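Chain and residue survey
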Protein chains: 2
Amino acid sequence: MIAQMKKESLYVRIAKVMEEQIASKTLKLGDKLPSIRTIQKTYNVSLNTVKQAYLELESKSLIEPRAKSGYFVSMASMRKFPLPSVGELKTTAIEKHPEDLISKVFHTLEDPRITQFSLGVPDKNLLPTAKLNKGVINMVRKWPEIGTTYEPMQGNINLRRAVAKWSLVLEGKLNEDDFVTTSGAMNAIFNCLMAVTKPGDTVAIETPVYFGTLQIIKSLGLKAIEIPTHPVTGVDLEALKKVLPRINACCFVTNFSNPLGCLMPDEHKKELVRMLTEQDIPLIEDDLYGNLFFGASRPKPCKYYDEAGIVMWCGSVSKTLAPGYRVGWVAPGKYKEQVIRQKFLHTISSPSLYQEVVADFMEHGRYDHHLRTIRSKLYTNNLKYQGAIEAYFPKNTKIAQPQGGFMLWLELDQKIDTAELYDRALQQNISFAPGRMFSQYDQYNNCMRLNYGLEWNTKLDTDLKRLGKILKTAL
Amino acid sequence: MIAQMKKESLYVRIAKVMEEQIASKTLKLGDKLPSIRTIQKTYNVSLNTVKQAYLELESKSLIEPRAKSGYFVSMASMRKFPLPSVGELKTTAIEKHPEDLISKVFHTLEDPRITQFSLGVPDKNLLPTAKLNKGVINMVRKWPEIGTTYEPMQGNINLRRAVAKWSLVLEGKLNEDDFVTTSGAMNAIFNCLMAVTKPGDTVAIETPVYFGTLQIIKSLGLKAIEIPTHPVTGVDLEALKKVLPRINACCFVTNFSNPLGCLMPDEHKKELVRMLTEQDIPLIEDDLYGNLFFGASRPKPCKYYDEAGIVMWCGSVSKTLAPGYRVGWVAPGKYKEQVIRQKFLHTISSPSLYQEVVADFMEHGRYDHHLRTIRSKLYTNNLKYQGAIEAYFPKNTKIAQPQGGFMLWLELDQKIDTAELYDRALQQNISFAPGRMFSQYDQYNNCMRLNYGLEWNTKLDTDLKRLGKILKTAL
């Protein structure tokens, strides 16, 4: 596909062999894979090459490591349902924004009787509320003036320092001066778009894409091009290349995009940054799910490969720790001054209290501890959902293979209109996000997004069963 | 000037007579005015007419009430220096935005050694920090999940209810459903502009105008027309009328504008709303200083006269209670749905904690109590500043007559360039806001804005003396 990738590297070839063995059930669910040393000797390659091959398989959720016992064939490799299809590159289709549908779904989010499969955040039972509240009380006592003064324009220094230190994945490439704090990641993206585009410009996004990103782009008088996105490997770089001359900025969720849950492989990230650097096109990288990985390690963001400063790396704690805190940040590369200016214009400053609480939470290892816990719960939930869907949903359902995050994308029979079914499900106190919400075109009508960041229990299982029944009845 | 005002009403005539008596020193500083009954009998008019006449004089800071003893000639009536001049209506002048100057001034705001006459918020010593912190702790204990969930799109219900109840000046015309909460007033204005304009549109603003408003307008690709603004009565409606056909929205601070401190009289407010209603032009009314009045009662906003829903009434606690909380709101009239949509797009939601704390503070009368205290301090400071400036500044200084808020606008000798003097003052650890910051055109170079919301002490007096000396040396 891409020049460098044509001469297939060794590790890819080794990974492919094992992938075929898993597909043909030569290696079955739960089987232990040969040790790294065994493979090394078999193929006469370096230890590193084998490790890379295993990482590749792991990023596809085909195998999973177990502490001190090696790698095993994973549950996800045993999927019964195929992957959803890849969206098409449309540049002339008629735009029709699903505003009404989005409003409808959002207006039911506050009803506690409804099972909120449509929710965009993890269930509050998965969040360390008591510890956070303790942090708030300590901080108010420690720093009484915290609420009455404005913070520096670039944002709270302790949060910037904590985020920089804690961003190990960047291997020390960023320091506190590289970050600007924002009111959540969405506000970071807004400030980035304001900093690098002007009305009439065109922004490349994924398809299906998080509707909030699409709405914000349209509200600024920008055009959006939806780039076909593979449910496992993310944005199709070949397709992006075709429209690159018309693009003024890209806005991608490279790690566990919403709604697909896909993960762009390192090679693609590197190539994407190279392509965009060549044309001096800024990449707004929305990395708000990156820490909710199911693989062995936190995936790298594109920012890691960014030498020219074109990547604006956005993050937040809204999807992992405290949605209501509105604490986010961005490392805007060479656009830093413009982003600070935009932030100042639209919000003057962000409240210091929650920034200090989050900084303290990171600083003392509590955030990492919490992330380990929530990741393990989300991974288990993901498997439970997949199992329930395979058991209860129509046989021709297609299902994504999230490698992190808590969003599950389903593609159903062509005859099904999930926007219509939404009302029927709501009558049974079940809410989901209809697929139509995730595009500016009239597509994904037979798709839906489910949140598996809810606490698993028998009621949830029953609700998935009831949802499956609604779908079967509709066919 | 305006049709209805030509046939001068009785109360205006009575007020004028007394104003002349004060000007001619027939009535001297501290003199008690005749009682309301006496005037009633003298002119054979209703009690109400006399009360209105006294209110008129009070709104001009010429007289002030003292509890149970009647009205007295006020300090402000004894001013030695004249009022600053009124800006001109320019529609063809060359725009040149004072970005660099604004950045320079803002970058020194964090230095504790500097006397911050340039600050845009009251000194933290004037704010009830301890009480607010107690509120935070109580709220976290009372409602543990407060930080981990998103609030409704329209904003925290308790804050909306408290603001509606507490907005007595509206006489019950608004309820909780009319309000949308925002991250401070600036964010409210941003959401309003996004809701009612599109790039290329033109917005009418005051001149001199708060630079933040100007910047936000430009950042959205909008044009601004600066409407001449009188230092006592605010926007010149005749001038506005001339450009009305070209205007898509107005954005005015009707009560104690920043930097002039002027107060639009009720008659003007009524006429402004009438004019704009006729043309269906939305008015974004930034009323963030309205509760810091020096007169007898809280001035009405234009919203009070708004029958058609064209006024978007914005408020916050940033200038009165807790700048760092970023708690604001807007009653957007008929544009409510659009404003909610914009809010959702750009910030998803605002943190609930501070909204609850402010709501509780209002609900239990603590906010009103605090406002009484801070108003009295600001009024005293205003007089002290005026006295110091009359004593220390060049004789041809012109000085505004704020009727509320904490901003003081000075016009100095034509030869003085305050942007240049800024550096010299900074060397002596004194910062002020150069006049050039308050326009998109090359004007107000001989003006400056001082914040009198700092705690008064001998150091402050000395600093004003040193600032006066710098000015005298420059001449």
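Residues numbered from 1 in each chain as written. Chains lettered and ligands numbered in written order. Predicted model: local features only at pLDDT ≥ 70, side-chain atom pairs only at ≥ 80, totals over all residues. Heavy atoms only, no water.

- Quoted verbatim from the Sequence similarities (unreviewed entry) field of UniProt, the annotation for chain A is "In the C-terminal section; belongs to the class-I pyridoxal-phosphate-dependent aminotransferase family." (UniProt positions renumbered as here; feature names shortened; annotations may be inferred.)

**Brief notes about helix α5 (residues 99-107) of chain A**
- Residues of α5(A) that are buried include every one of L101(A), I102(A), V105(A) and F106(A), and no others. Taken end-on, α5(A) shows its buried residues confined to a sector of 130 degrees, consistent with a single buried face. Looking at α5(A), the residues exposed on the side facing more than 90 degrees away from the buried face are D100(A) and H107(A).
- Buried residues belonging to α5(A) abut α9 (211-219), α15 (418-427) and β15 (433-434) of chain A together with α12 (336-347) of chain B. (Buried < 20%, exposed > 50% of the residue type's maximum accessible area, 1.4 Å probe, protein only. Helix = DSSP H or I, 4+ residues; strand = E, 2+ residues; numbered from the N terminus. Arc of directions from axis to C-beta. Contact = heavy atoms within 4.5 Å.)

**Digging into the packing of helix α8 (residues 184-196) of chain B against helix α9 (residues 211-219) of chain B**
Residue and element names in this part refer to chain B.
- Interhelical geometry of α8 versus α9 gives an angle of 30 degrees and a closest axis separation of 11 Å. Judged by the inter-axis angle, α8 sits roughly parallel to α9. The element α8 and its partner α9 pack so that their crossing is right-handed. Where α8 approaches α9, its residues M186, F190 and L193 are matched on the opposing element by G212, T213, I216 and I217.
- When its residues are assigned to classes, the contact of α8 with α9 shows 5 nonpolar, 2 polar and no charged. (Axes fitted to C-alpha atoms, helices over the stretch in contact; angles between N-to-C directions. Parallel < 35°, antiparallel > 145°, perpendicular 65-115°, else oblique. Left-handed = near helix turned anticlockwise from the far one by under 90°. Nonpolar A, V, L, I, M, F, W, Y, C, P; charged D, E, K, R; others polar.)

**Here we look at the nonpolar core**
- By size, the foremost hydrophobic cluster in this structure holds 293 residues, and its most contacted members are L450(A) and L450(B).
- Once residues within four sequence positions are removed from consideration, L450(B) is found in contact with F117(B), Y385(B), I389(B), F406(B), M407(B), L408(B), L410(B), F432(B), L464(B) and L467(B).
- Membership of the second largest hydrophobic core comes to 19 residues, among which are L27(B), I36(B), I39(B) and Y71(B). (Core = buried A, V, L, I, M, F, W, Y, C linked by side-chain atoms within 4.5 Å.)

**Re the side chain of T197(B)**
Residue and element names in this part refer to chain B.
- Following the sequence through the fold, T197 ends up in the loop between α8 and β5 (202-207).
- Here T197 falls in the buried class, since its relative accessible area comes to 15%.
- Among the polar contacts listed, one links the side chain of T197 to the backbone oxygen of L193, at a separation of 2.6 Å.
- With residues near it in sequence (within four places) discarded, T197 still touches V203, L222 and A249. (Polar contact = N/O pair within 3.5 Å; in protein donor to acceptor, adjacent residues only side chain to side chain.)

**Describing the domain arrangement of chain A**
All names here are of chain A.
- Here the domain parsing of chain A yields domain 1 (3-78), domain 2 (99-126 + 370-474) and domain 3 (129-368).
- Computed from C-alpha coordinates alone, the two centres of domain 1 and domain 3 are separated by 32 Å.
- Here domain 1 packs against domain 3, burying approximately 570 Å² in sum over the two surfaces, 60% of which is carbon and sulfur.
- At the boundary of domain 1 with domain 3, the tally comes to 0 salt bridges.
- Where the side of domain 1 that touches domain 3 is concerned, the elements lending two or more residues are α1 (3-6) and α4 (47-59).
- Among the elements that take part in the side of domain 1 that touches domain 3, α4 stands out by supplying 3 residues, more than any other.
- In the side of domain 1 that touches domain 3, the residues fall into 4 nonpolar, 2 polar and 2 charged. (Domains from an automatic or database assignment. Buried area = accessible area lost by both parts, 1.4 Å probe. Salt bridge = Lys/Arg side-chain N within 4 Å of Asp/Glu carboxyl O.)

**Focus on the packing of aromatic side chains**
- Counted under the stated rule, the structure contains 37 aromatic pairs over all chains.
- Ring plane angle 55 degrees and centroid distance 6.3 Å describe the contact between F179(A) and W313(A), whose orientation is recorded as tilted. Taken together, the positions of F179(A) in the loop between α7 (157-166) and β4 (180-182) and W313(A) in strand β10 (residues 311-316) put the pair 134 residues apart, joining distant regions of the chain. Take F179(A) and W313(A): they sit in the same class, and that class is buried.
- Between W166(B) and W329(B), the ring centres sit 6.4 Å apart and the planes meet at 80 degrees, which makes this aromatic pair edge-to-face. Here W329(B) lies in strand β11 (residues 328-331) and W166(B) lies in helix α7 (residues 157-166), a separation of 163 residues in the sequence. By the burial criterion, W166(B) is buried, and W329(B) matches it. (Phe/Tyr/Trp six-rings, centres within 6.5 Å; stacked < 30°, edge-to-face > 60°.)

**Things to note about the interface of chain B and chain A**
- Opposite the 53 residues of chain B that make contact, chain A presents 52 residues.
- A buried area of about 4600 Å², summed over both sides, lies between chain B and chain A, and 65% of it is on carbon and sulfur atoms.
- At the boundary of chain B with chain A, the tally comes to 4 salt bridges.
- K124(B) is the partner of E145(A) in a salt bridge, and the nearest nitrogen-oxygen pair spans 3.5 Å.
- At the junction of chain B and chain A, the tally comes to 4 residue pairs in polar contact (both at pLDDT 80 or more).
- Breaking the side of chain B that touches chain A down by element, the ones donating at least two residues are α5 (99-107), α6 (129-142), α8, α9, α12 and α13 (352-363) of chain B.
- For the side of chain B that touches chain A, the element with the most residues is α6(B), which contributes 7 residues.
- Considered class by class, the residues forming the side of chain B that touches chain A number 29 nonpolar, 16 polar and 8 charged.

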